[in-house]
Amino acid sequence: MDVLAVDSKNSNKIVYFKNDGNGSFLNDGSSRAPTAIANKNYFTAELIDINDDNHLNLFVGGHEWEYNSIIQIYLNPGNDNFSNVIPNNITSITNEGVVLDFTVMKKNSSTNI
């Protein structure tokens, strides 16, 4: 498995580390990260397959009140490259604007986040 890290000091925010298969990781940079997250306050990222297509989708969250940093989900186009994916925005909950983790529950064909 590869590693995805959120870098709050980097305007691109997300950095990928590719597993070389020998216990080491190569910095793959931010080229696959969504361009829409630049200069926002995202501190949390998760990869979860929410649509059962065997591709991990990208969730990002953080401080929703800063820089329009609302929760976003990027559906994987099948190549793990989210750079040009248009996000699905998740409505904020009033007075609950710090996103530290994601929980996804599936029941039959519906998904709750």
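See the structure above.
Note that the structure is a prediction, hence the values are computed from the model and not measured.

J.: Would you mind showing me how to read a nonpolar patch on the surface here?
T.: Together, Trp65, Val98 and Leu100 make up a nonpolar patch on the protein surface, roughly 360 Å² of accessible area in all. On the secondary structure map, Trp65 appears in the loop between β5 (57-62) and β6 (72-74). Of the residues examined, Trp65 reaches a relative accessible area of 54% and is grouped as exposed.

J.: Looking at this structure, I do not really get unusual backbone geometry. What am I missing?
T.: At Asn39, a residue that is not glycine, the phi angle is positive and equals roughly 60 degrees. Secondary-structure assignment places Asn39 in the loop between β3 (25-29) and β4 (42-48). You will see that Asn68, though not glycine, has its phi angle at about 55 degrees, which is positive. Tracing the backbone through its elements, the reader meets Asn68 in the loop between β5 and β6.

J.: Help me understand the packing of aromatic side chains in this model?
T.: Between two aromatic rings, the relevant description is the distance of the centres plus the angle of the planes. For the coordinates displayed, the defined rule picks out one aromatic pair. Over the face of the ring belonging to Tyr16 we find Arg32, whose NZ or CZ atom lies 4.2 Å from the ring centre.

J.: Looking at this structure, how should I read the sheet that holds β5?
T.: Where strands meet in a sheet, backbone hydrogen bonds hold them as pairs that are either parallel or antiparallel. Strand order in the open sheet made by the four strands is β4-β5-β6-β7, with antiparallel pairing throughout. Two strands in the sheet have a free side with no partner beyond their single neighbour: β4 and β7 (88-89). Two strands pair when backbone bridges link them, and β6 and β7 are joined in this way by two bridges, in the antiparallel orientation. Across the sheet, the residue bridging to Ile73 is Asn88, located in β7.

J.: Would you explain the environment of Pro87 in this entry?
T.: Along the chain, the position of Pro87 falls in the loop between β6 and β7. Each C-alpha atom of the pair Pro87 and Leu58 lies 9.3 Å from the other, and the pair is 29 residues apart in sequence.

J.: Is there a simple way to think about the pairing of strand β2 (residues 14-19) in this case?
T.: Consecutive residues of a regular strand have side chains that alternate between opposite faces of the sheet. Pairing between strand β1 (residues 3-6) and β2: four bridges, direction antiparallel. Opposite Ala5, over in β2, you have Val15 as the bridge partner. Taken together, the four bridges between β2 and β3 define a ladder with antiparallel strand orientation. Bridge pairing in β3 places Lys18 opposite Leu26.

Thresholds, definitions, all that
- Residues numbered from 1 in each chain as written.
- Predicted model: local features only at pLDDT ≥ 70, side-chain atom pairs only at ≥ 80, totals over all residues.
- Heavy atoms only, no water.
- Patch = residues over 30% accessible without salt bridge, like charges linked within 9 Å, V, L, I, M, F, W, Y side chains within 5 Å.
- Areas by Shrake-Rupley, 256 points an atom, 1.4 Å probe, with all protein chains shown as cover.
- Salt bridge = Lys/Arg side-chain N within 4 Å of Asp/Glu carboxyl O.
- Helix = DSSP H or I, 4+ residues; strand = E, 2+ residues; numbered from the N terminus.
- Buried < 20%, exposed > 50% of the residue type's maximum accessible area, 1.4 Å probe, protein only.
- Phe/Tyr/Trp six-rings, centres within 6.5 Å; stacked < 30°, edge-to-face > 60°.
- Lys NZ or Arg CZ within 6 Å of the ring centre and 35° of its normal.
- Pairing = 2+ DSSP bridges.

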